[in-house]
Amino acid sequence: MAKGRFRALLIFVLGALLGTTGCGQAKDYPNRWVYMHGKPLENMDQVALIRKVAKTAAEHGLNGLVLDAFFDRIDMEPPYNYKNLQVIMQICKDNNLEFIPAVFGMGYNAPLLAHDKNLIEGLPVKDALYVVSGKEARLADDPPVEIANGGFEMAEAGAPANFTLNDNSGETVALDKTVAKAGSASLAVAMSKEYEEGEKLATQEVAVHPYRCYLLSCWVKTEGLEGSGDVFPMLVQAPDGRRLQYYIPPVPGTSDWVRAVIGFNSRGNDKVLVSVGTPAGKSGKFWVDELKIEEEGLVNVLRREGTPLVVRGEQSGIAYEEGRDFAPVSDPVMTLLFDHPDPPVTILPGSRIKDGERLRVSFYHNYPIYNGQTPACMSEPKLYEIWRKTARMVHEYVKPNKYFLGTDELREAGSCEACGKRGLNVAQILGDCVTKQEQIIRELNPKAELFIWSDMFDPTHNAPGDYHKGYFYHVDETFENSWNYIPKDLIMVCWNSGKRDKSLEHFQKNGFRTFGSCSGGPEGTRAWLEALDKTKGSTGLMYTTWSENFETLAEFGDIVNRKK
Ligand SMILES: [Zn+2]
């Protein structure tokens, strides 16, 4: 090790004399780590895995282990979990691995939302129609919505009537009069190598009301599909192609009829494109029947200061008072999915609201992107109160000198009132959030080194100015320039293997130190080292797996230590 440090120093001095340290010579890196994600402290099997991984890492020259153990909810852990944390820290100590906690998981946020699901970023529902009948008001059609021939009973020239079929569909998308959930026919799709994941197979334009919540459902039967796919079996897009939902309803690869349900917010659109879409696999068959759309009410209504609920009389214009005219509104089930009934607005005795009155109800709601991405609102003060508390506990239990900040793939931001009122763009809101993250840690340990996933600060990754048509998933803007609003002493953990040179160059140019993250394998590891060697301010490389595949960890360690 002493020899290694001397060599690194020599390279640095030579580099400084030449005016650059990015001379492309092999460097000895101070940070050679392995990343382990999603390890809840209560799971002793995971502790056994950590023990195994730590041993391999140490035997092959690695010196750090990053653990994501849901530290954003560490204050909610039962006492025995703290003992498990001590066990894990001892494992690291025994193997000479620095223990680096992954905290502030901004973008996925499930551990944080364990405190309060209302902290999820909110999408606006504006002026949904509720009609009072007796002691409660219920959602009413405004206007009625319908998918024509959603039962796939009617044919036109042999194809399902009212739907536009994919040009490549040929014989693979057709009405099937031998299989049906209801009526006497369904839409049958034979998967083909011709299809890319997420293609629209059968599409219909449906009139909707802007800024309303809709529930889209169908029945689906499958035979030999290669797992369930990204957009299977329903896809909703705005007329300009923007996807309005990314949630993947669980559908087994082979199954009798199951009901699949998704929800979406129509955003600013008065029509949407509803499609039966392709799953990820290339083989197998599926049938869809009873494709149906309906407006949805207060399911998963968000109740926090930045997501106000407004109930007003359609005729009178009176903004009725919660707790006086109607009972406090909440969704006690709050799964963030569309798997439970919508709560009513309950009229209180002595209310100014009249029986039969038409009400306009505005509120915020949200739903996951893919399976489990539920970003919190970055403008809600409670977020930082929770992080302040959990970070203090991590500091007390772990006393880390290095922290791993989990901000990445932030696909929802800036859409609630709390965000809108700030007069900042989303790049500035994100920059402020990360700056606050750093401050929280600096208050505990002024000298701590902070590493952060780089994608949301990288124009070659998730922060380009021209992403799609100027939006990023559910975010109405892009994160361009986000890198200008964050502290320069953050170390950027780059993982964009396809564009690693450009990515590293971007951060070098903007004065950030860097750190690589790769999934192992000799080719990928060497390519990353080569790129890092050329980069001024690069600090090392991390083995990162999302599928518990640690098979190439030993080889990774040897390559990073230049032994292979
Ligand atoms: Zn917000």
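For every chain, the first residue of its written sequence is number 1, and the numbers climb from 1 along that sequence. Side-chain atom pairs in this predicted model are given and counted only at pLDDT of 80 or more, local residue features only at pLDDT of at least 70, and totals for whole chains, interfaces and linings cover all residues. To obtain the side-chain values, all non-hydrogen atoms of the structure were included, while hydrogens and water were left out.

### Some thoughts on the overall build of the chain
The helix and strand labels rest on DSSP assignments: H or I over at least four residues marks a helix, E over at least two residues marks a strand, and numbering proceeds from the N terminus. Each helix and strand counted, the chain has 10 helices and 24 strands in total. In this treatment the radius of gyration is a C-alpha quantity, and the globule benchmark scales as 2.2 Å times the residue count to the 0.38 power. Compactness check: the chain gives a C-alpha radius of gyration of 26 Å against a globular reference of 24 Å for 564 residues, within 12% of the reference. For the chain, the spread of C-alpha atoms along the three principal axes comes to 80 × 60 × 45 Å. Whether a residue is buried, partly exposed or exposed follows from its accessible area with a 1.4 Å probe, protein chains only, as a fraction of its type maximum: under 20%, in between, or over 50%, in that order. Within the chain, the proportion of its 564 residues that are buried is 56%. Long-range contacts, defined as pairs at least 24 residues apart, comprise 79% of the intrachain contacts of the chain with a sequence gap of at least 6. Contacts are assigned to residue pairs that have any heavy atoms within 4.5 Å of one another.

### Overview of the environment of Leu 532
Tracing the backbone shows Leu 532 in helix H9 (residues 522-533). Apart from residues no more than four positions distant in its own chain, Leu 532 is found in contact with Lys 27, Tyr 29, Leu 504, Thr 514, Phe 515, Gly 516, Ser 538, Gly 540 and Leu 541.

### A short note on the domain arrangement of the chain
Note that domain bounds follow an automatic or database assignment of domains. One can read the domain layout of the chain as domain 1 (24-117 + 375-560) and domain 2 (122-369). For domain 1 and domain 2, the distance between their C-alpha centres works out to 35 Å. With 16 residues of domain 1 at the contact, the number on the domain 2 side is 24 residues. Defined in terms of a 1.4 Å probe, buried area is the accessible area two parts forfeit on being brought together, summed over both. Across the domain 1/domain 2 interface, buried area totals approximately 1,600 Å², and carbon plus sulfur atoms make up 51% of it. Identification of polar contacts relies on pairs of N or O atoms within 3.5 Å, with a donor-acceptor requirement for protein atoms, meaning one able to donate a hydrogen and the other able to accept it, and with residues adjacent in sequence counted only if both atoms are side-chain atoms. The interface formed by domain 1 and domain 2 includes 15 residue pairs in polar contact (both at pLDDT 80 or more).

### A short note on the packing of H9 against helix H10 (residues 553-560)
Note on definitions: angles span 0 to 180 degrees between N-to-C directions of axes, and those axes are lines fitted to C-alpha atoms, for helices only across the stretch in contact. Running from N to C, H9 and H10 cross one another at 30 degrees; their axes reach a closest spacing of 10 Å. The angle between the axes of H9 and H10 places the two elements in the roughly parallel class. Crossing geometry of H9 relative to H10 is assigned as right-handed. Contacts between H9 and H10 pair Pro 522, Thr 525, Arg 526 and Leu 529 from the former with Glu 555, Phe 556, Ile 559 and Val 560 from the latter. Residue composition of the contact of H9 with H10, by class: five nonpolar, one polar and two charged. What sets the label is the angle itself: under 35 degrees gives roughly parallel, over 145 gives roughly antiparallel, 65 to 115 gives roughly perpendicular, and the rest give oblique. Take the far helix as the reference: if the near one is turned anticlockwise from it by less than a right angle, the crossing is left-handed, and if turned clockwise, right-handed. Three classes are used, and their members are as follows: Ala, Val, Leu, Ile, Met, Phe, Trp, Tyr, Cys and Pro are nonpolar, Asp, Glu, Lys and Arg are charged, and the others, Gly among them, are polar.

### Structural notes on the packing of aromatic side chains
Classification of ring pairs uses Phe, Tyr and Trp, with its six-membered ring standing for Trp, and accepts pairs whose centres are within 6.5 Å; under 30 degrees between planes counts as stacked, over 60 as edge-to-face, and the remaining range as tilted. Enumeration according to the criterion identifies 25 aromatic pairs in this entry. Aromatic side chains Tyr 35 and Phe 404 sit 5.5 Å apart centroid to centroid with 55 degrees between the ring planes, which places their arrangement in the tilted category. Of the two residues, Tyr 35 is situated in strand S1 (residues 31-36) and Phe 404 in strand S20 (residues 402-405); the sequence distance between them amounts to 369 residues. Using a relative accessible area of 0% as the deciding quantity, one classes Phe 404 as buried.

### A word on the nonpolar core
Residue types Ala, Val, Leu, Ile, Met, Phe, Trp, Tyr and Cys, when buried and joined through side-chain atoms within 4.5 Å, form a set referred to as a nonpolar core. Counting 94 residues, the largest nonpolar core has Phe 457 and Phe 479 as its most contacted members. Counting residues per element, this core draws most heavily on helix H5 (residues 381-398), which supplies eight residues. Leave out the neighbours within four places in its chain, and Phe 479 touches Leu 410, Ala 413, Val 426, Ala 427, Leu 430, Met 456, Asn 462, Ala 463 and Phe 472. Counting 62 residues, the second-largest nonpolar core is a separate cluster that includes Ala 128, Val 145, Ala 238 and Phe 264.

### Describing H9
For H9, with 12 residues, the first-to-last C-alpha span of 16 Å sits near the 16 Å given by 1.5 Å per residue. All of the buried residues in H9 are Thr 525, Trp 528, Leu 529, Ala 531, Leu 532 and Asp 533. On the buried face of H9, the contacting elements are strand S22 (491-494), helix H8 (500-509), strand S23 (513-518), strand S24 (538-544) and H10. The span you would expect from a helix comes to 1.5 Å times its residue count less one.

### Things to note about the sheet that holds S22
Strand pairing is assigned whenever DSSP detects at least two bridges linking the two strands. Taken in spatial order, the eight strands close into a barrel running S1-S2-S3-S20-S21-S22-S23-S24, and their pairing is parallel. On average, adjacent strands in this sheet sit at an angle of 25 degrees to one another, irrespective of strand direction. Sheet strands touched by helix H2 (residues 44-59): S1 and strand S2 (64-67). Its angle to S1, the strand with the most contacts, is close to 160 degrees. The strands that H8 touches are S22 and S23; relative to S22, the one it contacts most, it runs at about 170 degrees.

### Description of the side chain of Ser 217
With respect to the helices and strands, Ser 217 occurs in strand S12 (residues 213-223). For Ser 217, the side chain forms a polar contact with the side chain of Arg 259, separated by 3.5 Å. If we skip the residues at most four places from it in the chain, Ser 217 touches Met 234, Arg 259, Ala 260, Val 261, Glu 290, Leu 291 and Lys 292.

### Let's talk about the pattern of salt bridges
Oppositely charged side chains are able to pair whenever their charged atoms sit close together. Definition used for salt bridges: Asp or Glu carboxyl oxygen within 4 Å of a side-chain nitrogen of Lys or Arg. Taken as a whole, this structure holds 32 salt bridges when the rule is applied. One salt bridge connects Arg 304 with Glu 121, and the closest N-O pair in it is separated by 3.5 Å. Here the residue Arg 304 occupies a position in the loop between strand S16 (285-296) and strand S17 (310-313), and Glu 121 occupies one in the loop between helix H4 (110-113) and strand S4 (123-133), the gap between them amounting to 183 residues. Note on accessibility: Arg 304 and Glu 121 belong to one class, buried. Sharing partners across several salt bridges, the network here consists of Asp 142, Arg 212, Glu 295, Glu 314, Arg 358 and Arg 360.

### Thoughts on the environment of Asp 331
Turning to its location among the elements, Asp 331 is positioned in the loop between S17 and strand S18 (345-346). A sequence separation of 29 residues divides Asp 331 from Leu 302, and the C-alpha atoms of the two residues are 8.2 Å apart. If sequence neighbours within four positions are ignored, Asp 331 has contacts with Leu 298, Val 299, Asn 300, Val 301, His 340 and Pro 343. A distance of 2.6 Å separates a polar side-chain atom of Asp 331 from the backbone nitrogen of Asn 300. Side chain to side chain, Asp 331 and His 340 meet in a polar contact 2.6 Å long.

### Let's talk about the sheet that holds strand S9 (residues 173-176)
Pairing in this open sheet of five strands is antiparallel, and the strands run S9-S10-S16-S12-S14 from one edge to the other. Sheet topology places S9 and strand S14 (255-265) at the edges, where each strand pairs with a single neighbour. The sheet shows a mean angle of 30 degrees between the axes of neighbouring strands, direction not considered. In this structure, S12 lies alongside S16, joined through 10 bridges in antiparallel fashion. Of the residues in S16, the one forming a bridge with Leu 216 is Ile 293.

### What about the side chain of Asp 533?
Following the sequence through the fold, Asp 533 ends up in helix H9. Separated by 3.0 Å, the side chains of Asp 533 and Arg 562 make a polar contact.

### Quick word on the pairing of S1
The buried fraction of S1 is high, at six of six residues. Neither face of S1 is open: one carries Asn 31, Trp 33 and Tyr 35, the other Arg 32, Val 34 and Met 36, and all of them are buried. As judged from the four bridges shared by S1 and S2, these two strands associate in the parallel manner. Across the sheet, the residue bridging to Trp 33 is Gly 64, located in S2. With H2 bridging S1 and the parallel S2, this β-α-β connection has right-handed handedness. We call a crossover right-handed when, viewed with both strands directed away from the observer, the connection leading from the first strand over the helix to the second proceeds clockwise.

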